[in-house]
Amino acid sequence: MTTFRISPAVADAFPDTLIAVVTATGLRGHQPWPATTTALEDLEQQLANGTWVPADEADPRIETWHTAYRSFGTNPRRIRPSVDALGRRMAKKGSLPRINPAVDSYNTVSVRHALPAGAFDLDHVTGDVEIRHADGTETFTPLGEPDIVEHPKPGEIIYTDTADVLTRHWNHRDAHRTRVTEDSTRVAFVLETLAAVRDGHRLTTAAGELRDLLTAHATESTVHYLSPEHPQVRV
């Protein structure tokens, strides 16, 4: 099993954090996922007919992340939180990219609820996963760039396992090693808010929606929650 934990320093800096960790085992990523296809197409149709638009940086859910990024030295208009970048892309293009069913599922839920989301192939995670401040010595290989090695800035918030960094700038970009593909069968998805008092209900709703999309294509799926009060879960 893999333990996910929030470091005491991150918990102190962001005391209203709530993270849903949705795990799925026995995923079948090579088969069609019709519910995900329908959810994604419905969202794009709502955008096209003007009944829904992605949240932008004026939305409190996005603004909260901009403030957090600035607090650890990242310019959020140059290096955007994942949900901000995804919503901007959808608003511009009118659609979301099709990657694979599992990724399409969490992207759809993320942009619908304006909550950052990501995922890790647990079969490629080494040891436990911690959300902590970088010390600057860590290494990171970005998704889609397997020959590149970066070093997070000291103080930047990262997800990391015992080998190297899994995400930079909290949720800006995922690592290549733990990317989710059609072949991934054991995956941990994360949905995040830094304003649980305000948006905790959105997070629990979104986690339920994601689990529903996964259930028909997995042997088992579960939802766990990380917070400063409960800073560690085993999945």
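Scroll up for the structure.
Bear in mind that the values here come from a model prediction, so they are computed numbers and not experimental data.

Conventions adopted
Residues numbered from 1 in each chain as written. Predicted model: local features only at pLDDT ≥ 70, side-chain atom pairs only at ≥ 80, totals over all residues. Heavy atoms only, no water. Pairing = 2+ DSSP bridges. Helix = DSSP H or I, 4+ residues; strand = E, 2+ residues; numbered from the N terminus. Core = buried A, V, L, I, M, F, W, Y, C linked by side-chain atoms within 4.5 Å. Buried < 20%, exposed > 50% of the residue type's maximum accessible area, 1.4 Å probe, protein only. Patch = residues over 30% accessible without salt bridge, like charges linked within 9 Å, V, L, I, M, F, W, Y side chains within 5 Å. Areas by Shrake-Rupley, 256 points an atom, 1.4 Å probe, with all protein chains shown as cover. Salt bridge = Lys/Arg side-chain N within 4 Å of Asp/Glu carboxyl O. Lys, Arg positive; Asp, Glu negative; His and termini not counted. Charge placed at Lys NZ, Arg CZ, Asp CG, Glu CD. Polar contact = N/O pair within 3.5 Å; in protein donor to acceptor, adjacent residues only side chain to side chain. Contact = heavy atoms within 4.5 Å. Expected span 1.5 Å × (residues − 1). Axes fitted to C-alpha atoms, helices over the stretch in contact; angles between N-to-C directions. Phe/Tyr/Trp six-rings, centres within 6.5 Å; stacked < 30°, edge-to-face > 60°.

Q: Would you explain the pairing of strand β1 (residues 3-6) in this entry?
A: Every other side chain in a regular strand lies on the same face of the sheet, so the side chains alternate between the two faces. Strand direction decides the pairing type here: β1 and strand β10 (residues 232-234), joined by three bridges, are antiparallel. Following the sheet pairing, T3 is matched in β10 by R234. Across three bridges, β1 lies against strand β4 (residues 129-133) in parallel orientation. Bridging across to β4, I6 finds its partner in I131.

Q: For this particular structure, what's the right way to read the nonpolar core?
A: Note on soluble globular proteins: their nonpolar side chains tend to be buried together. In terms of nonpolar packing, the biggest core is built from 26 residues, with F4, F14, I19, I131, Y159 and W170 touching the most fellow members. Contributions of two or more residues to this core are made by β1, α1 (8-13), β2 (18-25), α3 (60-71), β4, β5 (157-160) and β8 (186-193). Core analysis: the second largest hydrophobic core is formed by 24 residues, W33, A119, A206 and A207 among them.

Q: Looking at this model, I keep getting lost on a positive patch on the surface. Mind explaining?
A: Taken together, the side chains of R88, R89, K92 and K93 make up a positively charged region of the molecular surface. With respect to the helices, strands and loops of the structure, K92 is situated in helix α4 (residues 82-93). Take K92: its relative accessible area is 75%, and that puts it in the exposed class.

Q: Where do I start with the side chain of S105 in this structure?
A: Locating S105 in the fold gives a position in helix α5 (residues 101-113). Assessed through its relative accessible area of 0%, S105 is described here as buried. Of note is the side chain of S105, whose polar atom sits 2.8 Å from the backbone oxygen of P101. If we skip the residues at most four places from it in the chain, S105 touches W33, T36, L210 and L213.

Q: Would you mind going over the sheet that holds strand β6 (residues 165-168) with me for this structure?
A: Picture the strands of a sheet paired through backbone hydrogen bonds; they go either parallel or antiparallel. In space, the six strands of this open sheet follow the order β7-β6-β5-β4-β1-β10, with mixed pairing throughout. Two strands in the sheet have a free side with no partner beyond their single neighbour: β7 (173-174) and β10. In the sheet, β5 pairs with β6 via two bridges, with the strands oriented antiparallel. What sits directly across from Y159, in β6, is T167.

Q: How should α5 be read in this particular structure?
A: Along an α-helix, a turn takes 3.6 residues, which lines up residues three or four apart on a common side. Across its 13 residues, α5 extends 19 Å between first and last C-alpha, which sits within 8% of the 18 Å expected from 1.5 Å per residue. Three or more residues of α5 are buried, namely P101, A102, V103, D104, S105, Y106, N107, T108, V109, S110, V111 and H113. A114 sits one or two positions beyond α5 and adopts a positive phi of about 55°.

Q: Got a minute to help me understand the pattern of salt bridges in this structure?
A: Side chains that differ in sign of charge can pair as their charged atoms come close. Counted under the stated rule, the structure contains 17 salt bridges. One salt bridge in this structure joins D59 and R61, with 2.9 Å as the shortest N-O distance. The structure contains a network of salt bridges with shared partners spanning E57, R77, R80 and D84.

Q: Would you mind going over the sheet that holds β8 with me for this structure?
A: The four strands are arranged β3-β8-β2-β9 in an open sheet whose pairing can be described as antiparallel. Every other strand in the sheet has two partners, leaving β3 (117-121) and β9 (220-226) as the edge strands with one partner each. When strand polarity is set aside, the average angle formed by the axes of neighbouring strands in this sheet is 20°. Helix α6 (residues 196-215) rests against β2, β8 and β9 of the sheet, and its axis sits at about 10° to β2.

Q: Mind showing me how you'd approach the environment of F120 here?
A: With respect to the helices, strands and loops of the structure, F120 is situated in strand β3. Assessed through its relative accessible area of 1%, F120 is described here as buried. Measuring from C-alpha to C-alpha, the distance between F120 and A85 comes to 19 Å, with 35 residues separating the pair along the chain. The contacts of F120, once residues within four sequence positions are left out, are F4, V125, Y159, L166, T167, T178, V180, R186, V187, A188 and V190.

Q: It is not clear to me how the pairing of β4 should be interpreted in this structure. Could you clarify?
A: Judged from the four bridges that link them, β4 and β5 form a sheet pairing that is antiparallel. Within β5, the residue paired with H133 across the bridge is I157.

Q: Honestly, the packing of aromatic side chains in this entry has me stumped. Any pointers?
A: Centre distance and the angle of the planes are the two values used to describe a pair of aromatic rings. Tallied over the full model, the rule gives six aromatic pairs. Ring geometry for F14 and W170: centres 5.2 Å apart, planes at 80°, overall edge-to-face. You can see F14 sitting in the loop between α1 and β2 and its partner W170 sitting in the loop between β6 and β7, a full 156 residues away along the chain. The buried category is assigned to W170, whose relative accessible area is 1%. Consider the rings of F120 and Y159, whose centres lie 5.5 Å apart with planes at 40°: the pair is tilted. Note that F120 is positioned in strand β3 and Y159 in strand β5, a separation of 39 residues in sequence.

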